[in-house]
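Breakdown of the fold
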Amino acid sequence: MTLQFNDETFRDDYSFHNSDRAIKRFPFPFHEDSYMYSVNMEQHRGGPADSIYEKRFDVDEHYLSEMRDRAMVLADDPLRCQSLPHMTLAGWDLLELVMVSKSEDYPDMFELHRDGDTWRWVNKPLGIDHTFTFLDEATLPYGPMEYIARQTQGDFCVLDQRDDNLWMDAGMITTQADWSLDFDLGMNFFEWHAPVPLAHEKGIFVRALKFLLNIQQGAPARRLNWTMTVNPLLDTSPENYHKWGIQKTSVTPDNIGAKQHLRVELQTFFRLPRSNALVFPIRCYLCSFQDLMTAPKWGRRLHRVIRDLPDELATYKGFSDNRSMMLDYLSTFDDGQPTSDGIWADLDTEPALIP
Amino acid sequence: MSGAQKLAVTVTDIVPVTDLVTRFVFKRTDGGLLPTFSGGAHTVVEMRGDNTVRMNPYSLMSDPMDQSAYTISVRRDNEGRGGSVFMHTCVNIGDQMVISHPVNLFSLDLRAKKQLFIAGGIGITPFLAQIKQSERLGGRWELHYASKSKALAAYGDDLLAKHPSDVNIYHSDQGQRIDTERLLDGQPIGTHVYVCGPKSLIDHVRTTAAAHGWPRENIHYEEFLAPQPGKPFEVKLAISNKVIHVGEQESLLEAMERSGVDAPYLCRGGACGQCETQVIDYTGNFIHRDHWLDDAEHASGAKIMPCVSRFEGKTLVLDR
C-alpha cells in the first residue's frame, strides 16, 4: 500500500484532517457504553488488517506533519526531550527497536542495513539516508532516543527499572495530554501518577506497576487511554497551557462538531533488552466529533459514556465546562438502540441512526 | 501461557569446565539471531525427561551483545532433583531444546559510579555477562570471587588473564577469604554492590553493607534456589477444582503444571514473585524456601510460592 501523507497543521489554522480510511481505523477507546479505569492491558502482537494495532509502530497519513510539528515544539522548548546520563543505553535500545520494527513492517518506506556496528538507516518519507556506528553517539546528530523519536510518531517515555519501581528517567514528550516531562523527570511510577483521581483508591496503580515490571522481552503489551481536546492540537502541554487552555472557551453549539476532538492514546510497552529498561510509547490519535458521528455505534456510545462519566473524571480530563454542550450535540446521535460489544465501528452490521 | 516467550535452540557445544561445572552453548535452531539481553539475565531451560518436564533457570554468561549464541554453565548437584544431572548426563551436542527469552531480575544499576561484584562458586556466571557489558560500555567494575579451590574456580584463570587488575580470586582451601568488612568500607560514593552465590555469602554481604550504612538501593543480590525434594503431599486447587498429588521429587508448581493447571511463573527459583499463590485453608506446616515473601508473610500461612516451597500436613487448599 502506498501511503499518501497529509500536508496539515496542528496549530494556527488547524488544517489537520482525517481521511475516510483514518476515521475507519480510529482507535475508539470504549468497548462498552460506560467507562471506568481498569488495568485494560493486552498483548501487543498484531491485530486486524489495516488497524492501528497491526504494526508495532503505526505509520499513518499524519506522519510527516506530526514530525514537522514535533520539530517546531523542540525548537521552542528543548526540555521536551531529556535523557538522564544512565539512560543512553536504553536510547540505543529504542533506536534499535524502532528501526528493526519499521524496516520489517514497512519495507517500502524504511530500510535498515547492518554490518556489525555499522548501520545504514533509510527513511524514505523523511528523505534520510544515514550511516552511523551503533553505540557511538558521536556518529548521530542527536542522542539515540532523540534521533529516532524525531522520526517516529508518538511520545516516548523511557523508564528505568530498579528497586521494584519504574522511573521516568528519559523521554521525548511533545504530544502530551497536559503533563510535563520536565516536571516528572526522575519521578517513580507512583509519583508521576499522583494527580490521577479515583484510580489510586481502586488499587489500579499497584496492579498496573506489577504488570509492567513483569513485561518480558518478546512480549510487548498495549492499552488505550483517552481525553478531550478542543482543536486538533498535538501539543497540549502544561508549558503552553496559556496558549491552548483558552481555546476551550471558543466552542459553540454551531462549531462543536468540528472543533471538539476525542483524543485517544495507544499506549504500548516494550522491554528493552540491552538496558532492561521499559519503553512506553504514547501515540496520540485525534478525531473530531463530526467525523466520529459517521459511525452510528460510536455516536450512540460516546453520548452514553460522556453522560454517565463521574464528575471527577470529566474535571481531570479537562472538559467539565463544556460537558453539557457536548451532551446536547451527542444526544442527537443517540437513538437509544443497543450497541455491539468491542471498540470497532461495525459499520456493516450496526443499524443506521433513527432520526 | 505462563512464563516468558520461548526460543527453540540446538545445543552446539558442551565443554567440561571443572569437575562439577559444564558449559552449554545454544544456537537458534532456525539459524536466526537470538535476542540481545542485559548482563544478569537468566533463561529457563526446559528439560524433557521420560515422564517429567523440569524447568530450571540458568544465568546467561555469554556476551549480551552476541546474538549468535547463548552460553550457560551448569553445576552438577547430585543431591538435587536431577535437573543439573540431566543436563550433565542426558544432553548431547545436536539436541534440540526449548529455552525462555532472557529475563533479568539482577540487572546492573546503570547510574552506578562503580560496580562491585562479589561471587561465590557457580554464582560467578551472571557476572561474566555483566563484566562483558561493563567493558563494552566503559563502566568501572571490580570482581571478588570466592571458590573452594583453584581447580573448582570456574573461569577464574580466564578472568585473571583478561582483567588482572580488576579480578580478585579467593581459594578457601588455601585459607583465603573475602574481607567483606574492608571491601565494603572503602568504596567510593555511588558504588553499587552485587552478590550472587550461597545464601550465607549473600546474607553476610547484605548485613555487612547495611551495618556500614550502604543505602538499600545500592545492594543487589540474586540467589536462585533449586526446588528441594521432600515428603509427598496433597493439595486441593479451589479454582481448578482438582486435588493433586505432589511427589517427592517434584515441586508444587511442577505438580500443578503436570495436572494441566496453567500457573504463572518466571524464575522458578523463589526470587521473582510471579507464582505467589493465596492459601485458602490449611492444617499443617509450610516449608517456605523462597526469598520473595517476608517473615511475617511466611508466618501468616496466607501465601505460598509453589516453585520452591512445600507443605507437610493434612489439608492444603490453594486459590488456583
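All figures in this text were calculated on a predicted structure; none of them were measured in a lab.

Each value, and the rule that gives it
Residues numbered from 1 in each chain as written. Chains lettered and ligands numbered in written order. Predicted model: local features only at pLDDT ≥ 70, side-chain atom pairs only at ≥ 80, totals over all residues. Helix = DSSP H or I, 4+ residues; strand = E, 2+ residues; numbered from the N terminus. Rg over C-alpha atoms; globule rule 2.2 N^0.38 Å. Buried ≥ 20, exposed ≤ 12 C-beta atoms within 10 Å, placed from the backbone. Contact = placed C-beta atoms within 7 Å. Pairing = 2+ DSSP bridges. Core = buried A, V, L, I, M, F, W, Y, C linked by C-beta atoms within 7 Å. Nonpolar A, V, L, I, M, F, W, Y, C, P; charged D, E, K, R; others polar. Axes fitted to C-alpha atoms, helices over the stretch in contact; angles between N-to-C directions. Parallel < 35°, antiparallel > 145°, perpendicular 65-115°, else oblique. Left-handed = near helix turned anticlockwise from the far one by under 90°. Domains from an automatic or database assignment.

Description of the overall build of chain A
- Counting secondary structure elements, chain A contains 13 helices and 10 strands.
- Here chain A has a C-alpha radius of gyration of 20 Å; the compact-globule value for 355 residues is 20 Å, and the two agree.
- Dimensions along the principal axes, computed over C-alpha positions, put chain A at roughly 65 × 45 × 40 Å.
- Taken across its 355 residues, chain A has 38% of its residues classed as buried.
- Residue pairs in contact within chain A that sit at least 24 positions apart in sequence constitute 70% of those at least 6 positions apart.

Overview of the overall build of chain B
- Counting its regular elements, chain B contains seven helices and 17 strands.
- Its C-alpha atoms give chain B a radius of gyration of 20 Å, near enough to 20 Å, the size a compact globule of 320 residues would have.
- Seen through its C-alpha atoms, chain B measures out along the principal axes to roughly 60 × 50 × 35 Å.
- Evaluated residue by residue, chain B yields a buried proportion of 44% over its 320 residues.
- Contacts in chain B between residues at least 24 apart in sequence constitute 67% of all its contacts with a sequence separation of at least 6.

Concerning the pairing of strand E8 (residues 221–230) of chain A
All names here are of chain A.
- Bridge count for strand E1 (residues 42–43) against E8 is two bridges, and the pairing is antiparallel. What sits directly across from Glu 42, in E8, is Arg 222.
- The sheet contact formed by E8 and strand E9 (residues 260–271) spans 10 bridges and is antiparallel. Bridge pairing links Ala 221 to Phe 269 in E9.

Comments concerning the nonpolar core
- Of all hydrophobic cores here, the largest spans 79 residues; its most connected members are B:Ile118, B:Ala119, B:Leu143 and B:Val195.
- Once residues lying within four places of it in the same chain are set aside, the contact partners of B:Leu143 are B:Phe117, B:Ala119, B:Phe127, B:Ile131, B:Leu159, B:Asp166, B:Val167 and B:Asn168.
- One finds A:Met87, A:Ala90, A:Met145 and B:Leu110 within the second-largest nonpolar core, a separate group that totals 40 residues.

Side note on the sheet that holds strand E17 (residues 310–318) of chain B
All names here are of chain B.
- Strand order in the open sheet formed by five strands is E14-E13-E17-E15-E16, and the pairing between neighbours is mixed. Looking along the sheet, the strands with just one partner apiece sit at the ends: strand E14 (242–246) and strand E16 (303–304).
- Of the strand pairs in this sheet, strand E15 (residues 277–287) and E16 are connected by two bridges, and their pairing is antiparallel. From the neighbouring strand, Thr 277 faces E16, where its bridge partner is Ile 304.

Focus: the environment of B:Gln133
Residue and element names in this part refer to chain B.
- If you trace the backbone, Gln 133 turns up in helix H2 (residues 125–137).
- Residues Gln 133 and Pro 64, spaced 69 residues apart in sequence, show a C-alpha to C-alpha distance of 6.6 Å.
- With residues near it in sequence (within four places) discarded, Gln 133 still touches Ser 38, Gly 39, Pro 64 and Leu 108.

Some thoughts on the interface of chain B and chain A
- Across the boundary between the two partners, chain B contributes 19 residues, which contact 13 residues of chain A.
- Considered class by class, the residues forming the side of chain B that touches chain A number nine nonpolar, seven polar and three charged.

Regarding the packing of helix H11 (residues 296–308) of chain A against helix H13 (residues 323–331) of chain A
Residue and element names in this part refer to chain A.
- Contact geometry of H11 with H13 gives a least axis separation of 9 Å together with a crossing angle of 150°. One way to sum up the angle between H11 and H13 is to call them roughly antiparallel. As for the relative orientation of H11 and H13, their crossing is left-handed in sense. Contacts between H11 and H13 involve Leu 302, His 303, Ile 306 and Arg 307 from the former and Arg 323, Met 326, Leu 327, Leu 330 and Ser 331 from the latter.

Here's the deal with the domain arrangement of chain B
Residues and elements named next belong to chain B.
- Once the domains are mapped, chain B shows domain 1 (6–104), domain 2 (114–222) and domain 3 (233–318).
- Between the C-alpha centres of domain 1 and domain 2 there is a distance of 24 Å.
- Listed by partner, the interface residues are 17 residues for domain 1 and 12 residues for domain 2.
- Among the residues forming the side of domain 1 that touches domain 2, the class breakdown is seven nonpolar, seven polar and three charged.

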